[in-house]
Amino acid sequence: MPSIPDHPTWNDEIAALFASPDWLPEPKRAAIAAQWQGCMSGYGVQLNDYASVKAWSVTIFNHLASRNMPLTTDSRQYWPEPALRSLAAWINDGWRHSSSDPIDYQERIPLWDAQPITIARRRDIETLSQDELDHYRMLLDDVLRVRDPAADAPWQKLAYLHTNWCLHYQEAFAFWHRAYLMWFEHLIGMPVPYWNFMAAGTSIDGDSAAGIPQAFKDETYVHPRSGERRPNPLRYAAAKDGCSKICQGAMPVDEKTPNSCTWVHRDPLLYTTGDDQRQARIKKFKMVRLYQQQILDALKFDTFSHPQGWPGYPWANIPSFDPPPPDSDYPYRNCNFDGLYEQPHDNFHGWLGADMADNAYTAFDPIFWSYHANIDRMLEVWLRAHPGAIYTAGYPLQPFIGAGVKEISLTDPRHWRYTAIGDLARDSHRLGYDYDPPRYPEYQGETAHGVTVQGANETLALYLLFEGVRCTHDGYLIDVFIDQADPPLDAVDPDNPHYVGRLTRIGMGIRDDKGRCVSQGVTRVLNATRNAQRLGLEAQAEVSVSLIVTDLASGALVSVDEYRALPGFVPEARWGAPWPSPGGSRQTGQECPACH
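Quick caveat: nothing in here was measured; it's all calculated off a predicted structure.

Rules used throughout
- Residues numbered from 1 in each chain as written.
- Predicted model: local features only at pLDDT ≥ 70, side-chain atom pairs only at ≥ 80, totals over all residues.
- Heavy atoms only, no water.
- UniProt positions renumbered as here; feature names shortened; annotations may be inferred.
- Helix = DSSP H or I, 4+ residues; strand = E, 2+ residues; numbered from the N terminus.
- Polar contact = N/O pair within 3.5 Å; in protein donor to acceptor, adjacent residues only side chain to side chain.
- Contact = heavy atoms within 4.5 Å.
- Bend = angle between axes of the 7 residues up to and from the residue.
- Buried < 20%, exposed > 50% of the residue type's maximum accessible area, 1.4 Å probe, protein only.
- Disulfide = S-S within 2.5 Å.
- Expected span 1.5 Å × (residues − 1).

**Q** Break down the UniProt feature "domain: Tyrosinase copper-binding" (unreviewed entry) in the protein for me, with residues and values.
**A** UniProt records the feature "domain: Tyrosinase copper-binding" (unreviewed entry) for residues 365-376 in the present numbering. Between the first and last C-alpha atoms of residues 365-376 the distance is 17 Å; the span itself is 83% helix and 0% strand.

**Q** Please provide a residue-by-residue account of the side chain of arginine 108, values included.
**A** You can see arginine 108 is positioned in the loop between α4 (81-92) and β1 (120-122). In this structure the side chain of arginine 108 is engaged in a polar contact, spanning 2.9 Å, whose partner is the backbone oxygen of isoleucine 91. Every residue in contact with arginine 108, bar those within four places of it in the chain, is listed here: Ile91, Asn92, Asp93, Gly94 and Trp95.

**Q** Break down helix α3 (residues 50-65) for me, citing the residues and quoting the values.
**A** The axis of α3 is deflected most strongly, by about 70°, at serine 57. Listed as buried for α3 are Ser52, Val53, Ser57, Ile60, Phe61 and Leu64. Close packing links the buried residues of α3 with α1 (10-19) and α4. At the N-terminal boundary of α3, the capping side chain belongs to aspartate 49, with an oxygen 3.3 Å from the backbone nitrogen of alanine 51.

**Q** Explain the state of the cysteines to me, and be specific about the residues and the numbers.
**A** A covalent bond between the sulfur atoms of two cysteines is referred to as a disulfide. Scanning the entire structure with this criterion turns up one disulfide. The disulfide partner of cysteine 247 is cysteine 261, and the gap between their sulfur atoms is 1.9 Å. The disulfide joining cysteine 247 to cysteine 261 has a torsion of about -100° about its S-S bond and is therefore left-handed. One end of the pair, cysteine 247, is in the loop between β3 (229-231) and α8 (278-298); the other, cysteine 261, is in the loop between β3 and α8, with 14 residues separating them in the sequence. There is no disulfide at cysteine 243, and the cysteine sulfur nearest it, in cysteine 247, is 4.8 Å away.

**Q** Tell me about unusual backbone geometry, and name the residues and values.
**A** In this chain, glutamine 398 is followed by proline 399 through a cis amide linkage whose omega measures 10°. Here proline 399 shows up in strand β4 (residues 396-401). Unusually for a residue other than glycine, glutamine 540 sits at a positive phi of about 75°. When you line up the elements, glutamine 540 lands in the loop between α13 (529-535) and β12 (545-551). Residue glutamine 540 is classed as partly exposed on the basis of its relative accessible area of 45%.

**Q** Can you tell me about helix α6 (residues 154-165), naming the residues and giving the values?
**A** With twelve residues, α6 should cover 16 Å at 1.5 Å per step; its first-to-last C-alpha distance of 16 Å lies within 8% of that length. Turning to α6, its buried residues number three or more, namely Trp155, Gln156, Leu158, Ala159, Leu161, His162 and Thr163. Residues of α6 that are buried sit in contact with α5 (130-142), α7 (173-188), α10 (367-385), β4 and β5 (407-408).

Put into structure tokens, the structure is as follows:
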């Protein structure tokens, strides 16, 4: 956009920012501006009127600067910094209508804090210079003693955290590993470089991105400080207790390598080149495309997970990734992101082979860290696309302590001290890091195909579900009873076994015709299990539900006909799981609604 005068006026500059925003494509400016004006008029703000913009100017600026306005899903419509600074200058000059008006300067909009926020950058390991790569190797050698199999070596202690504490097949899976990466970075004082297994060429033999990066295949490196040539710690790292998984069974051991059982091992095909086992390598690399597609399919899901500890949810660690666990181990993969995402995660573990293919051994392989950094990078893609996602925020991610993950405890019984899902289920900028772009073009995917899961879980619990809950103009109190017809006001009493509880619906206070509120509605749940027990109800018994609905502002009772016309005010009693079961929506056998 063109340069902005130091002292802009409404006539000369500011009105045009709202009427014809010149940072947008010219053919779309008028239409988008009209969209803004129509949207904000519903809030009593007229963006094409000087007096209205002046009256609301500070609020308008605050919402524009914080990107809460315009109300749009297109980030290109957000105001760029020059436009925001022009608006701030106009406000601080006293809202001049024309250049003939005097300047009445006051700091109505405080000067912006120009202090930069330091963000660590996780980089594609393929983009590191030789010096940068060798510095990373040096940290593994010197700080973590990566080639030391002794029980007290930092590398052994670090990797054993995964052996003993990792979480899989549950909501905490991705966030536990996010905490683990942050702890690793705290120990070495450097952002972990990621291995971009999503590169399009990873699945193509002979491509520059094929297989695993050369950084993990080199035999040696030059230590930046001592100048000595050492074994490459990204390849030769001490396995669990100094004994690789391959030495626990009948798998072949490379006898040419001294103490070969000491080091972690991967599938030998990953180290071959040229005509050496070309056909086997081509077949192996093709599998990557399937895993990449699974990840892209997972990213299309709008719900993250079922709540932590959901009945029937598998909590145990994965005993082995080789062969990869079957579909049946992922009961919610057709309904949620994390279930579908964890399966290709496991597939890649098995694809890398040997130590990476066993949950107890995997973190001892240095490629684990760069691999999981990319798992986290793709998780970040989903998180940024779904800022309103809901999680079991308080669930502890042991043994990590605090939101910054700068401490661990293996024994503290005070679970409130531990890092929680809610601490890490947020934009990574908030956690102090971000990702630089990958070196190679990434796989773009193909059309996904749905998968249906059969079977359902059922419990003896009783829930009252309010479905289709959306914004309302006014606020209401909804008091809920079971098996009590026409309850009086004094029945709103926790000691009353029929009284289930209350839902408060906070009104918007304005007409919601601008798309600000959810259009499909959400579900709210009251647990009536205790009431059912106190009343001696048997499972699957018919249950009547009664409500007392009160206008929050006036205190007046709302008639049945009135509240039935409002969205999500009439609950359904449901025995068993309140959420759709794997393979069924409610108890109808329909596919999970999250898949649609």
